[in-house]
Amino acid sequence: GQNIDQPTEMTATEGAIVQINCTYQTSGFNGLFWYQQHAGEAPTFLSYNVLDGLEEKGRFSSFLSRSKGYSYLLLKELQMKDSASYLCAAPLGGATNKLIFGTGTLLAVQP
Amino acid sequence: GAVVSQHPSRVICKSGTSVKIECRSLDFQATTMFWYRQFPKKSLMLMATSNEGSKATYEQGVEKDKFLINHASLTLSTLTVTSAHPEDSSFYICSARAGSSDTQYFGPGTRLTVL
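Let me sum up the structure you'll find in this document.

What counts, and at which threshold
- Residues numbered from 1 in each chain as written.
- Chains lettered and ligands numbered in written order.
- Predicted model: local features only at pLDDT ≥ 70, side-chain atom pairs only at ≥ 80, totals over all residues.
- Heavy atoms only, no water.
- Core = buried A, V, L, I, M, F, W, Y, C linked by side-chain atoms within 4.5 Å.
- Buried < 20%, exposed > 50% of the residue type's maximum accessible area, 1.4 Å probe, protein only.
- Contact = heavy atoms within 4.5 Å.
- Buried area = accessible area lost by both parts, 1.4 Å probe.
- Salt bridge = Lys/Arg side-chain N within 4 Å of Asp/Glu carboxyl O.
- Polar contact = N/O pair within 3.5 Å; in protein donor to acceptor, adjacent residues only side chain to side chain.
- Helix = DSSP H or I, 4+ residues; strand = E, 2+ residues; numbered from the N terminus.
- Pairing = 2+ DSSP bridges.
- Axes fitted to C-alpha atoms, helices over the stretch in contact; angles between N-to-C directions.
- Phe/Tyr/Trp six-rings, centres within 6.5 Å; stacked < 30°, edge-to-face > 60°.
- Disulfide = S-S within 2.5 Å.

### Quick word on the nonpolar core
Part 1 of the argument: In terms of nonpolar packing, the biggest core is built from 24 residues, with Trp35, Phe67, Leu79, Tyr92 and Leu112 of chain B touching the most fellow members.
Part 2 of the argument: Core analysis: the second largest hydrophobic core is formed by 21 residues, Ile20, Leu75, Ile100 and Val109 of chain A among them.

### Describing the interface of chain A and chain B
Interface size is commonly expressed as the accessible area that is lost once the parts come together.
Part 1 of the argument: Listed per partner, the contact involves 18 residues of chain A and 21 residues of chain B.
Part 2 of the argument: Regarding the contact of chain A and chain B, the summed buried area is about 1500 Å², with carbon and sulfur atoms giving 55% of it.
Part 3 of the argument: Applying the counting rule to chain A against chain B returns one salt bridge.
Part 4 of the argument: Between Lys98 of chain A and Glu59 of chain B there is a salt bridge whose closest N-O contact spans 2.8 Å.
Part 5 of the argument: Where chain A meets chain B, there are four residue pairs in polar contact (both at pLDDT 80 or more).
Part 6 of the argument: Listing elements by their share of the side of chain A that touches chain B, those giving two or more residues are β4 (32-37), β5 (44-49) and β10 (99-101) of chain A.
Part 7 of the argument: Counting residues per element, the side of chain A that touches chain B draws most heavily on β4 of chain A, at three residues.

### Topic: the sheet that holds strand β7 (residues 67-73) of chain B
Residues and elements named next belong to chain B.
Part 1 of the argument: Within the open sheet, the four strands sit side by side as β1-β3-β8-β7. Their pairing is antiparallel. The sheet terminates laterally at β1 (4-7) and β7, the two strands that pair on one side only. Strand-to-strand twist in this sheet, taken as the mean axis angle between neighbours without regard to direction, amounts to 15°.

### Some words on the pattern of salt bridges
Part 1 of the argument: Per the stated rule, a full pass over the model turns up six salt bridges over all chains.
Part 2 of the argument: Note that Arg59 of chain A is salt-bridged to Asp82 of chain A, the shortest N-O span being 2.8 Å. Pair noted here: Arg59 of chain A is in the loop between β6 (53-57) and β7 (60-65) and Asp82 of chain A is in the loop between β8 (70-75) and β9 (84-91), with a separation of 23 residues, a long-range link.
Part 3 of the argument: Between Lys66 of chain B and Asp88 of chain B there is a salt bridge, with the nearest N and O atoms lying 2.9 Å from each other. Taken together, the residues span a long stretch of sequence, with Lys66 of chain B in the loop between β6 (57-58) and β7 and Asp88 of chain B in the loop between β8 (76-81) and β9 (90-98) at a distance of 22 residues. Both residues of the pair, Lys66 of chain B and Asp88 of chain B, count as buried.

### Describing the packing of aromatic side chains
Part 1 of the argument: Applying the stated criterion across every chain, the model contains 16 aromatic pairs over all chains.
Part 2 of the argument: Aromatic pair Phe101 of chain A and Tyr36 of chain B: ring centres 5.7 Å apart, planes at 85°, arrangement edge-to-face. Here Phe101 of chain A, found in strand β10, pairs with Tyr36 of chain B, found in strand β4 (residues 30-38), and the two come from separate chains. For the pair shown, Phe101 of chain A and Tyr36 of chain B are each scored as buried.
Part 3 of the argument: The interplanar angle of 65° and the centroid separation of 6.1 Å between the aromatic rings of Phe101 of chain A and Phe106 of chain B together place this pair among those described as edge-to-face. With one member in each of two chains, Phe101 of chain A in strand β10 and Phe106 of chain B in strand β10 (residues 105-106) form a pair that bridges those chains.

### Considerations on the state of the cysteines
Here is the idea: a disulfide is a covalent bond, and it sits between the sulfur atoms of two cysteines.
Residue and element names in this part refer to chain B.
Part 1 of the argument: Tallying each qualifying case throughout the model produces two disulfides over all chains.
Part 2 of the argument: Across the disulfide, Cys23 is cross-linked to Cys94 (sulfur-sulfur distance 2.0 Å). Between Cys23 and Cys94 the disulfide shows an S-S torsion of about 80°. By sign, it is right-handed. One end of the pair, Cys23, is in strand β3 (residues 19-25); the other, Cys94, is in strand β9, with 71 residues separating them in the sequence.
Part 3 of the argument: Cys94 provides the cysteine sulfur closest to Cys13, a residue in no disulfide bond, and the two sulfurs are 18 Å apart.

In structure tokens form, the structure reads like this:
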């Protein structure tokens, strides 16, 4: 079956680094997405990994290991505005390529 | 680029009425649009996949006669919640995908409250 697991909640301190993990089990592999969602708002696109390794975009980086079915989102120099849910999602391929989402990780950044 | 809008952003209606939500891709043509609903502190649940010019594909457990989807053009899809009940109160979010692109871009969401 299709399944995505990520921690439900995390807490980190302003200015610190936090790593949000995601493990996935899908039939076939079509990449892995990370989205950020603030409360009451729609998700915004952060990253899309299709190859193994680390991709860096400013303060945010995303890592993928296809052999391990594992990804993580790394947030550096945390700011209060980074408090949000972070959603890991995998496209299922095929004609529609619909996404399956994890439950999301609610990150609370504390002063 | 890749901006998706939704209208209305917030709607309150009486039980038994119908509500239409519009989803538009503003700067690209969306061959496929998706409709999700999200309950508080829960992740997104896919309701249906909408392809321009064809019938929507509904996920298991989603009533197609209650949630009517129309994808009339490459930039517009609508979701109509018919005969709404309080349990339909939720955050409804659409997303759009351009051509063969894998990335979905999300609209700002519509908060529906049924009294």
